[in-house]
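# Structural description and commentary
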Amino acid sequence: MHWKPAPHIGVNNQMQVSMPTPQEILAELRKVRYPGFTRDIVSFGIIKDIEVAQPGVTVIMTASPNTKPETLAQISSEIQRTVSAMAGVPAVKVEVEQAAPARGLAPTPARRTIPGVEHVIAIASGKGGVGKSTVAVNLALAMAALGGRVGLMDADVYGPSLGMMVGAAHRARVTHDRRIEPLERFGIRYISMALFISDATAVIWRGPMVTKLESEFLFNVEWGKLDYLLIDLPPGTGDAQLTITQRVVLAGGVIVTTPQEIALLDVKRGVAMFQQVQVPVLGVIENMSYYLCGKCGRRHEIFAHGGGARFARELNIPFLGEIPMVRQIREGGDTANPIVVADPGHPVSAGFKSIAADLISQLAHTGDGSRIL
Ligand SMILES: Nc1ncnc2c1ncn2[C@@H]1O[C@H](COP(=O)(O)OP(=O)(O)O)[C@@H](O)[C@H]1O
Ligand SMILES: [Mg+2]
């Protein structure tokens, strides 16, 4: 890439205006939208570095091996135009670093869409026990309560959300043409690989086998027409999660965390994982944010809460909201009666619905839905 002089050069006397700082340039680049999305290019994490020196500004952007050359060219010329227009910028150079395929993985397997499914959202967390499945289930129900056709896929064979959704007694059915029929409850479609395997099998399966089966399994379910499919990913942000997020065309990812510092650090890993596969992060949800007392109705701060919001701000991703720790959430999980349907008037149910509404509106703006970048 070559230096291109800014168009206003020679019009103003550039020597009198000092060059903008990298922060100012970054702020300006936040106004540039990623082609086909309402999200800006900075929040997509593709701006790697900005150098301000003579003879001008160098913007270094990263691109995944999947990014189409037309998209890259479009972004690059938008960066060029935006930075050139800033006062004090004599010339601009945009450099593109095409990221190598993820280490240890096949050179980016083809991503597929799921026929009939409009938007696929992956729900991730740094580790187990933060309430990812609880959030996934209640969020799916909240999206359905707002009128969406919703499916939920439990991809965590080791700690499935199954009991929470349907209780223990259900079995999944396979159609005559060997397609898997999802269960239907509370108006949403639900499937878990755990419906097909015994606990004993799950234990002897090794990670890579599970991952491979999982990504195939997803495409063999007869989802029908869905507006939203939520995938409750296995906890963690390693290769297993990466593989799933690479196989299916995702509209976005959601990260669930708890307020403890250690869990918050995992948010960074989650964001990095989605960025690596060029999936926009739709936001962070802080679960068990504070304790909401069922008796007195007051909130008690157990951990220094608000870390989720702070982290989201630092990482330039949306903060979707906080869910308190309440007895009814756990009880609803234990009795297969999730709070959003068991007690729709509860403030927590309202909280899930407002997060669902936020996600729905974000997805409504992503052009024609899920796409490969
Ligand atoms: N906001 C909450 N309030 C009370 N209990 C919760 C809340 N979120 C999750 N739990 C409980 O915490 C446990 C772990 O939640 P789960 O959703 O299975 O976590 P994960 O899927 O991240 O492993 C469950 O017993 C669940 O009922
Ligand atoms: Mg879980």
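First things first, this report covers the structure right here in the doc. (Residues numbered from 1 in each chain as written. Chains lettered and ligands numbered in written order. Predicted model: local features only at pLDDT ≥ 70, side-chain atom pairs only at ≥ 80, totals over all residues. Heavy atoms only, no water.)

This part covers the environment of Gly351. If you trace the backbone, Gly351 turns up in helix 12 (residues 347-364). In the structure, Gly351 is positioned 209 residues away from Ala142 in sequence and 9.2 Å away in space, judged by C-alpha atoms. (Helix = DSSP H or I, 4+ residues; strand = E, 2+ residues; numbered from the N terminus.)

Summed over all chains, the structure comprises one aromatic pair. Geometrically, the ring pair formed by Tyr34 and Phe37 is edge-to-face, given 5.9 Å between the ring centres and 85° between the ring planes. In this structure, Tyr34 and Phe37 share a single accessibility class: buried. Stacked on the ring of Phe219, the Lys or Arg Arg112 has its end atom at 3.9 Å from the ring centre. (Phe/Tyr/Trp six-rings, centres within 6.5 Å; stacked < 30°, edge-to-face > 60°. Buried < 20%, exposed > 50% of the residue type's maximum accessible area, 1.4 Å probe, protein only. Lys NZ or Arg CZ within 6 Å of the ring centre and 35° of its normal.)

A separate point is the sheet that holds strand 3 (residues 56-63). Taken in spatial order, the four strands of this open sheet run 1-4-3-2, and their pairing is mixed. The open sheet has two edge strands, strand 1 (4-5) and strand 2 (47-53), and neither has a second partner. Against the sheet, helix 1 (residues 22-29) touches strand 2 and strand 3, its axis set at about 135° to strand 2. (Pairing = 2+ DSSP bridges. Contact = heavy atoms within 4.5 Å. Axes fitted to C-alpha atoms, helices over the stretch in contact; angles between N-to-C directions.)

Before going further, it helps to examine the side chain of Thr257. Within the fold, Thr257 resides in strand 12 (residues 252-257). Once residues lying within four places of it in the same chain are set aside, the contact partners of Thr257 are Val130, Ala263, Leu264, Val267, Val284, Ile285, Glu286 and Asn287.

Taken together, 14 residues form the shell around ligand 1, and within it Gly129, Lys132, Ser133, Thr134 and Pro324 come nearest. Here an oxygen atom of ligand 1 and a backbone polar atom of Gly131 are 2.9 Å apart. At 2.9 Å from a nitrogen atom of ligand 1 is found a main-chain nitrogen or oxygen belonging to Pro324. Taken by itself ligand 1 offers 560 Å² of open surface, and the protein chains cover 79% of this. Residues that form the shell around ligand 1 fall into these classes: six nonpolar, six polar and two charged. (Near = heavy atom within 4 Å. Polar contact = N/O pair within 3.5 Å; in protein donor to acceptor, adjacent residues only side chain to side chain. Areas by Shrake-Rupley, 256 points an atom, 1.4 Å probe, with all protein chains shown as cover. Nonpolar A, V, L, I, M, F, W, Y, C, P; charged D, E, K, R; others polar.)

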